[in-house]
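# A closer look at the structure
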Amino acid sequence: MQEWLSRQAMLLGREAVERLEQASVAVFGLGGVGSYTVEALARAGIGRLVLVDGDEVADSNRNRQLGALASTVGRPKAEVMAARVGEINPACRVEPHVLFYLPGQEGALLDGLDYAADAIDTVTAKLSLAEECRRRGVPLISAMGCGNKLDPTLFRVADIYQTRVCPLCRVMRRELRARGIPSLRVVYSEEEPRVPLSCGEGPAEGRRALPGSVSFVPSVAGLILAGEIIKDLAGVQK
């Protein structure tokens, strides 16, 4: 066990920390939710991290995404977060993939994984990842909608079929049921989405309306995702 993980070992135990150092986790989507998931996993000493996101850091990301700085605008998010992980835990084997996860693109991304975290924005990709993880037997936890929310205390962890309020959960329940997927562990909010104020930034032509977002909501969802993964891998009793 690496010495810098000793405080964590006081809560989880040395053997659990050593298991985390041998674990492989993938994070799909590295925005306001996923970037904080990566941060917590790296600081927990996860031994291998597969980071998947095809986007570049935009200036508008700086209000909520961990890797978004004035100095990183224009750089691929996967590479930015991989560099950050390297500064936190040089022993971690980091594999950045600059691509958007789409059906049929999983390739070797899921090979050798002990867990996967879904922080993707699009329903099609979320469903495809859920199907593929189930087929391969890879445990998956998925983040639901965090946009247009202001209360970070209303996040819950539950099976998708036990969720309420969240519009994205409603869509996912219907589509997962149609695909014969009987369960999916999710982090979701029971806060009713707010109607965003008009501040002059509209969606690009052909794109959906942009949701409002703040620093203290998606970050909490990302940390909860990571916490559930870490506790599962460490064998923490619930």
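One can find the structure itself at the top, above this paragraph.
Quick caveat, the model's predicted, so the values are computed rather than measured. (Residues numbered from 1 in each chain as written. Predicted model: local features only at pLDDT ≥ 70, side-chain atom pairs only at ≥ 80, totals over all residues. Heavy atoms only, no water.)

Right, let's talk about the overall build of the chain for a bit. Each helix and strand counted, the chain has seven helices and seven strands in total. Sequence-ordered secondary structure for the chain, helices as α and strands as β, is α-α-β-α-β-α-β-β-α-β-β-α-β-α. Relative to a compact globule of 238 residues, whose C-alpha radius of gyration would be 18 Å, the chain shows 17 Å and is just as compact. By its C-alpha atoms, the chain is 50 × 45 × 35 Å across when sized along the principal axes. Out of the 238 residues in the chain, the part that is buried amounts to 47%. (Helix = DSSP H or I, 4+ residues; strand = E, 2+ residues; numbered from the N terminus. Rg over C-alpha atoms; globule rule 2.2 N^0.38 Å. Buried < 20%, exposed > 50% of the residue type's maximum accessible area, 1.4 Å probe, protein only.)

Once that is clear, we can look at the packing of aromatic side chains. Taken as a whole, this structure holds one aromatic pair when the rule is applied. Between Phe 28 and Tyr 101, the aromatic rings sit 5.2 Å apart at their centres with planes inclined by 75°, giving edge-to-face as the arrangement. Residue Phe 28 is found in strand β1 (residues 24-28), and its partner Tyr 101 is found in the loop between β3 (93-97) and β4 (115-118); the two are separated by 73 residues along the sequence. Given the relative accessible area of 5%, Tyr 101 is considered buried. (Phe/Tyr/Trp six-rings, centres within 6.5 Å; stacked < 30°, edge-to-face > 60°.)

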